[in-house]
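# Observations on chain architecture
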Amino acid sequence: MMELDTIPETRVLVDEILHSIFFLGNLRDPTFSPQTFLSDDILTELKDRYPRPFTHYSTQLPRRSPFSCVLDMFVHLCGKEEEDKIKDSLRELFNEMGQTCEKRPLSSSTICISQTSDPGRYYGVSMSTSGRNPGQIMVAASCLKSWHSYVAGAVMTFYPDIQNDFDGTIKLPERVRCQTFSLSNGREMPPCGACGNLFGLGRVEDKSWAYGNCAEVESVSNLIKNVETVREEARPKSEKCTEEKREMAEERVKKKLITLLKLVENTKLAKLAKQLQCGKIKFTDLFYDPYISERRSD
Ligand SMILES: [Zn+2]
């Protein structure tokens, strides 16, 4: 990891990965602090090179889970056209992390590639958290801060609960390739029912994962952020997708996030939840910005 901090882009990602890992460790009961899983030497060196993740992990939220940052790192280092190389590298890392879910609690299990006829490929990995609460916290955080607003709107149609008065689901154009593979064995995995509902994908499996957890979500978000023609075609078209209804859906996600933070057995996060609830902290100031570290070191 240390050699990566010579390149500004990867240095920002290392900063973000550390913050996200530390935050998720802090959600565990008992708390899993950096001191408990890093040796003294590594701790000292990391604190010296990346001080902000250490000072902000208990007071600010990551906008996405750590494996999403790892994916960005591989895409950056391999080149985004190098699909096989990216998949192989992630699979190698996945297998190195251990053979059971318990041994790799922060690892994603699938990778998705979204692509139109042009050569650009846009990647996503499934949510890499362990436990229901951290997973739900990260879906809320990604809705509010990470995913493209169309994708966030689609997820918020079902999260925290199915909405009767808001429908932000989208339909991807038929020509879009949206293909997911297992990181453990490399096999293709058809989209689940939830992803079928979110993006109008055909050939779905009978089972559904929690809305927002699948690799398709991040991958489609990256595609829509980058390809204008898809963005125009995939615009949500339901009559129940007005600006006002969407704002209400977003308010429900914020309320859910406050509730989830209160449930964590951690005094700093409980305090943060109270400050959010009474408006002392704004949601815009809630999220950690790894680019601040980079700007300060220039
Ligand atoms: Zn799915």
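### Digging into the coordination of the zinc ion
- Coordination sphere of the zinc ion, protein contribution only: Cys192 (SG), Cys195 (SG) and Cys214 (SG), at 2.2 to 2.3 Å.
- Counting the intervening residues between successive donors of the zinc ion yields the motif C-x2-C-x18-C. Here the residue Cys192 occupies a position in the loop between β4 (188-189) and α9 (193-199), and Cys214 occupies one in the loop between α9 and α10 (215-226), the gap between them amounting to 22 residues.
- Judged by its relative accessible area of 3%, Cys192 is buried.

### A few points about empty space enclosed by the protein
- Evaluated as defined, the whole model comprises two cavities of 30 Å³ or more.
- Here the largest cavity is characterised by a volume of approximately 70 Å³.
- Ser68, Val125, Met127, Trp147 and Glu218 are the residues nearest the centre of the largest cavity, which is lined by 14 residues in total.
- At the level of elements, α7 (132-146) and α10 are the ones that each hand at least two residues to the lining of the largest cavity.
- Looking at the lining of the largest cavity residue by residue, the classes come out as five nonpolar, seven polar and two charged.

### A closer look at the packing of aromatic side chains
- Scanning the model with the defined rule gives five aromatic pairs in all.
- When the centroid spacing of 4.8 Å and the interplanar angle of 55° are considered together, the rings of Phe22 and Phe54 count as tilted. Pair noted here: Phe22 is in helix α1 (residues 8-27) and Phe54 is in helix α4 (residues 51-56), with a separation of 32 residues, a long-range link. Here Phe22 and Phe54 have matching classes, each one buried.
- An aromatic cluster of at least three residues, connected via ring pairs, comprises Phe22, Phe32, Phe37, Phe54 and Tyr57.
- Directly above the ring of Phe32 sits Arg28, whose terminal nitrogen or CZ lies 5.4 Å from the centroid.
- The ring centre of Phe181 lies 3.7 Å from the NZ or CZ of Lys87, which sits over that ring.

### A closer look at the side chain of Thr169
- Along the chain, Thr169 turns up in the loop between α8 (149-156) and β3 (177-182).
- Within the structure, Thr169 has its side chain in polar contact with the side chain of Asp167 (distance 2.6 Å).
- Excluding residues that lie within four positions of it along the chain, Thr169 makes contacts with Ala154, Thr157, Phe158, Asn197, Leu198 and Pro236.

### Observations regarding the pattern of salt bridges
- With the rule as written, the count across this model stands at 13 salt bridges.
- Between Lys87 and Glu83 there is a salt bridge, with its nearest N and O atoms 3.1 Å apart. Linking Lys87 with Glu83, this pair stays in helix α6 (residues 83-96), spanning four residues, or about one helical turn.
- Of the residues examined, Glu83 reaches a relative accessible area of 7% and is grouped as buried.
- The shortest N-O distance in the salt bridge between Glu174 and Lys171 comes to 3.7 Å.
- A cluster of three or more residues bridged by salt bridges with shared partners is formed by Glu16, Arg63, Arg64 and Asp72.

### Comments concerning a negative patch on the surface
- On the surface, Glu81, Glu82, Asp84, Asp88, Glu92, Glu96 and Asp118 cluster together to form a negatively charged patch.
- Here Glu92 shows up in helix α6.

### Looking at unusual backbone geometry
- Residue Pro160 is reached from Tyr159 by a cis peptide bond, and omega for that bond is 0°.
- Among the structural elements, Pro160 can be located in the loop between α8 and β3.

### Describing the nonpolar core
- Leu61, Ile137, Trp147 and Phe199 are the most contacted members of the largest nonpolar core, which totals 58 residues.
- Those elements that place two or more of their residues in this core are α1, α7, α8, α9, α10, α12 (243-263) and α13 (267-277).
- When neighbours within four sequence positions are excluded, Ile137 is seen to be in contact with Phe23, Leu27, Leu61, Leu257, Leu260, Leu261 and Val264.
- Residues Cys69, Phe74, Val75 and Ile113 belong to the second largest nonpolar core, which totals 28 residues.

### So, the environment of Phe37
- Turning to its location among the elements, Phe37 is positioned in helix α2 (residues 34-37).
- Its relative accessible area of 33% is what places Phe37 among the partly exposed residues.
- Those residues in contact with Phe37 that sit more than four places away from it in its chain are Ile21, Phe22 and Phe32.

### Considerations on the packing of α8 against α12
- The N-to-C vectors of α8 and α12 enclose an angle of 70°; their axes lie 10 Å apart at closest approach. Looking at the two axes, α8 sits roughly perpendicular to α12. Where α8 crosses over α12, the two elements pack in a sense that is left-handed. Residues Ser149, Ala152, Gly153 and Met156 of α8 pack against Arg246, Ala249, Glu250 and Val253 of α12.

Cut-offs applied
Residues numbered from 1 in each chain as written. Predicted model: local features only at pLDDT ≥ 70, side-chain atom pairs only at ≥ 80, totals over all residues. Heavy atoms only, no water. Donors = N, O, S within 2.8 Å, 3.2 Å for Na, K, Ca; no water. Helix = DSSP H or I, 4+ residues; strand = E, 2+ residues; numbered from the N terminus. Buried < 20%, exposed > 50% of the residue type's maximum accessible area, 1.4 Å probe, protein only. 1 Å grid on protein atoms, 1.4 Å probe; cavity = no way out; pocket = protein on both sides within 12 Å on 5 of 7 lines; lining within 4 Å. Points joined across faces, edges and corners; volume = space filled by probe spheres on them. Nonpolar A, V, L, I, M, F, W, Y, C, P; charged D, E, K, R; others polar. Phe/Tyr/Trp six-rings, centres within 6.5 Å; stacked < 30°, edge-to-face > 60°. Lys NZ or Arg CZ within 6 Å of the ring centre and 35° of its normal. Polar contact = N/O pair within 3.5 Å; in protein donor to acceptor, adjacent residues only side chain to side chain. Contact = heavy atoms within 4.5 Å. Salt bridge = Lys/Arg side-chain N within 4 Å of Asp/Glu carboxyl O. Patch = residues over 30% accessible without salt bridge, like charges linked within 9 Å, V, L, I, M, F, W, Y side chains within 5 Å. Areas by Shrake-Rupley, 256 points an atom, 1.4 Å probe, with all protein chains shown as cover. Lys, Arg positive; Asp, Glu negative; His and termini not counted. Charge placed at Lys NZ, Arg CZ, Asp CG, Glu CD. Core = buried A, V, L, I, M, F, W, Y, C linked by side-chain atoms within 4.5 Å. Axes fitted to C-alpha atoms, helices over the stretch in contact; angles between N-to-C directions. Parallel < 35°, antiparallel > 145°, perpendicular 65-115°, else oblique. Left-handed = near helix turned anticlockwise from the far one by under 90°.

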